[in-house]
Amino acid sequence: MISRETSEEASEEASEEEYDRRRHAQWCAGEARADGVARRDMLRLLAAAGAAATLPPVLGAPRAQAAGGAVAAGIVKPLPADRFTIRGTNAETKFEALAQTGFHTPASHFFVRNHTATPRLDAKTWSLKIWGDGLRGAGTREFTLADLKRLPSTTRTAFVECAGNGRSFFTTQQGGEVSGTAWTLGAIGNARWRGVRLSEVLRRAGVSRHAVDVLPSGLDAEYVTDDGTNLGRVRRPLPLSKAMDDVILAYEMNGAPLPADHGYPVRVLVPAWVGIASIKWVGDIEVSSTPLYSPWNTRFYRLFGDQYPPEGSAPLTRQTLKSAFELPWNASLPAATTHHLTGRSWSAAGAITRVDISADEGRTWHRAHLKDTPHRATWTRWTTPWRPNTPGPTTLLARATDTTNHTQPETTAHNTQGYLFDAVVRHAVRVV
Ligand SMILES: Nc1nc2c(c(=O)[nH]1)N[C@H]1C(S)=C(S)[C@@H](COP(=O)(O)O)O[C@H]1N2
Ligand SMILES: [Mo]
C-alpha cells in the first residue's frame, strides 16, 4: 500500500518539475525570486493555477479569511441595499444608484474590494517604509503622513476598477466557466484623488539607476486562500517605469481624507491599471534591482486558459473598455413613453469617442449624447432618448469606441479567472 505521505511526495515532485520549468522561463526573462511565498506554498499555487481550467464555475466570492480570523464582510461604511450588492467580503455598486451621483463617485457609493477586511489604522502612528536594494545606500527610509503632506501635492481624477469587473457575463452571455467574484458592471468608481507623486517620494528615498520594480504592500491581514494557503500581505509589483510616471500616493478622495474602506490613511493609485495595482493601506514599498513576483502577478491577474500559454499571459496592466446603463436589471419601462436612458462608458487606453445604443439586437444603432468631455482613465456619462412601442422583454445594448479605435466587441476571448471582459453587455429590460 502506498502511504499517503509517499503519494503526496510523488505529486509534489511532479509539480516541482512543472514549477522549475516555469520558473526557468521567469529566470530567463529576468532574475526571479518568490517574494514572501514559501517554496512549498508556491508549488501548491502553481498546481492550483493549473487545475483552474477544470474547476466548476465558482460564482460568488471566493471565501477569504483573515489569518486566524472569522469570515466577515469587514467593510466599515454602511452598505444600503439600494446602492450595493454584497459579494462575500466585497460590495458591488448598483449601477442604477449612480444615476443620482455626478461625474465623481461619492465614497458612499464607491465599490469595495477587500481580500480580507478593512483594517482600522491610526494616521498618527502610521508611516510608509521604503526599502530594498534598488535604493542608493543602506537602510529603510520612513515617511509619516505629515512628511507626505509637506511634499508638493497632485490631484487627478481616475477610476479604480477591478480586473474582474463584468466577470459574470463570461458565464451568462458566453457560457464560459470562470472563478472569482461574480461582479456585474459595478466594480468601478471614479474619484478625485489627491496625494503626492510616488516618483517624488522614490526620488527622495534615493532610488538608484539599478531599480527595476517596486512592490507596495498593504497593512490589512494576510490573505489565506480556500485551501488554507497563506499568501501573505496583499501586494503586487509595479515596473519602475509606471511607478515613476503617474502613480499617486493618495491621502484624499473627493476632497476628504481617504475613508477607511478605501485605504486610509494612504493608498497607491495607479491610473488606468487593474484595481489590484492600487494597493490600499500601504505600509511599505520595496524598491528592487531585480524583477519581483507575488501571487498577484503570477497566479492571479494574468490570463489563463486555452488561448494562453501555461504560465499565463504577461501580468495584466491596463483595464479595458466598457459601458453600462444606469438601470436595474429587468427594469420595467412603460411603452409609448420617451425615456431618457443614461449610462457611462470608460476606457483605460484612450478617451471615449462615441457610444452607440441599440434596442433591436444590434440591427440599428443610434449615437448617444456624451455629457462629459471624454478623458482616458475616467468615464464619460451619456444619455439617449428611447421610445419603445411594443410591450415585452427587450435587450438594450451600449457599445463604446475610444481614441485608439477600439470598439467593444460582441464577445471576449475566455480566460479562466474572468478578467478584462470588454464585450457589449446585453441589458435585459421589460417594456410594460
Ligand atoms: N491592501 C489591499 N489593497 C487592495 C486590495 C486589498 O484587498 N488589500 N484589493 C485590491 C483590488 S483587487 C481592487 S479592485 C481595489 C479596490 O479598491 P476599492 O476597494 O477602494 O474600491 O483595491 C486593491 N487594493
Ligand atoms: Mo480587483
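Reading the values: rules and limits
Residues numbered from 1 in each chain as written. Chains lettered and ligands numbered in written order. Predicted model: local features only at pLDDT ≥ 70, side-chain atom pairs only at ≥ 80, totals over all residues. Heavy atoms only, no water. Phe/Tyr/Trp six-rings, centres within 6.5 Å; stacked < 30°, edge-to-face > 60°. Helix = DSSP H or I, 4+ residues; strand = E, 2+ residues; numbered from the N terminus. Buried < 20%, exposed > 50% of the residue type's maximum accessible area, 1.4 Å probe, protein only. Core = buried A, V, L, I, M, F, W, Y, C linked by side-chain atoms within 4.5 Å. Domains from an automatic or database assignment. Contact = heavy atoms within 4.5 Å. Near = heavy atom within 4 Å. Polar contact = N/O pair within 3.5 Å; in protein donor to acceptor, adjacent residues only side chain to side chain. Areas by Shrake-Rupley, 256 points an atom, 1.4 Å probe, with all protein chains shown as cover. Nonpolar A, V, L, I, M, F, W, Y, C, P; charged D, E, K, R; others polar. Pairing = 2+ DSSP bridges. Axes fitted to C-alpha atoms, helices over the stretch in contact; angles between N-to-C directions. Salt bridge = Lys/Arg side-chain N within 4 Å of Asp/Glu carboxyl O.

(A) Region of interest: the packing of aromatic side chains. Enumeration over the complete set of coordinates arrives at 13 aromatic pairs. Here phenylalanine 170 and phenylalanine 421 contribute two aromatic rings whose centre-to-centre distance is 5.0 Å and whose plane-to-plane angle is 80°, an arrangement assigned as edge-to-face. In this pair, phenylalanine 170 sits in helix 4 (residues 168-172) while phenylalanine 421 sits in the loop between strand 24 (392-402) and strand 25 (427-431), placing the two residues 251 residues apart along the sequence. Exposure remark for phenylalanine 421: the relative accessible area of 0% places this residue in the buried category. Consider the rings of phenylalanine 325 and tryptophan 382, whose centres lie 5.2 Å apart with planes at 90°: the pair is edge-to-face.

(B) The nonpolar core, seen in detail. Counting residues in hydrophobic clusters, the biggest one holds 62 residues, and the most contacted among them are Ile130, Leu202, Leu249 and Val282. Mapped onto this core, the elements with two or more residues apiece are strand 5 (127-131), helix 3 (145-150), helix 4, strand 9 (188-197), helix 5 (198-205), helix 6 (240-243), strand 13 (248-253) and strand 16 (282-288). For this core, the element with the highest residue contribution is helix 5, accounting for four residues. When residues of this core are assigned to domains, at least three fall in each of domain 1 (4-297) and domain 2 (321-431). Beyond its immediate sequence surroundings of up to four residues, leucine 249 is in contact with Leu128, Gly195, Val196, Leu198, Val201, Val266, Arg267, Val268, Val282 and Ile285.

(C) Focus on the site of ligand 1. The environment of ligand 1 is made up of 20 residues, and the closest members are Phe111, Asp220, His262, Arg267 and Lys280. In the model, a nitrogen atom of ligand 1 is placed 2.6 Å from a nitrogen or oxygen of the aspartate 220 side chain. For ligand 1, whose accessible area on its own is 540 Å², the fraction buried by protein is 100%. Looking at the shell around ligand 1, its residues break down into ten nonpolar, six polar and four charged.

(D) Quick peek at the sheet that holds strand 5. The strand order across the open sheet built from five strands is 6-5-16-10-12, with neighbouring strands paired in mixed fashion. The sheet terminates laterally at strand 6 (141-144) and strand 12 (238-239), the two strands that pair on one side only. Both strand 10 (residues 213-218) and strand 16 contribute to a ladder of six bridges, which runs antiparallel. The residue bridging proline 216 from the neighbouring strand is isoleucine 285, located in strand 16. Here helix 5 sits on the sheet and contacts strand 5, strand 6, strand 10 and strand 16; the angle it forms with strand 6, its principal contact strand, is near 135°.

(E) Summary view of the pattern of salt bridges. For the structure shown, the criterion picks out twelve salt bridges. Close ionic contact of aspartate 246 with arginine 156 constitutes a salt bridge, the shortest N to O distance being 3.4 Å. Taken together, the residues aspartate 246 in the loop between helix 6 and strand 13 and arginine 156 in strand 7 (residues 154-161) connect sequence positions 90 residues apart. Taking relative accessible area as the criterion, aspartate 246 reaches 15% and is therefore assigned buried.

(F) Structural view of unusual backbone geometry. Residues tyrosine 264 and proline 265 are joined by a peptide bond in cis, for which omega reads 5°. With respect to the helices, strands and loops of the structure, proline 265 is situated in the loop between strand 14 (256-257) and strand 15 (267-269). Of note, the phi angle at tryptophan 281 is positive, near 50°, even though the residue is not glycine. One can find tryptophan 281 in the loop between strand 15 and strand 16. Non-glycine residue tyrosine 301 carries a positive phi angle of around 60°. Along the chain, the position of tyrosine 301 falls in the loop between helix 7 (295-298) and strand 17 (321-325). In this structure tyrosine 301 comes out as buried when scored by relative accessible area, which is 6%.

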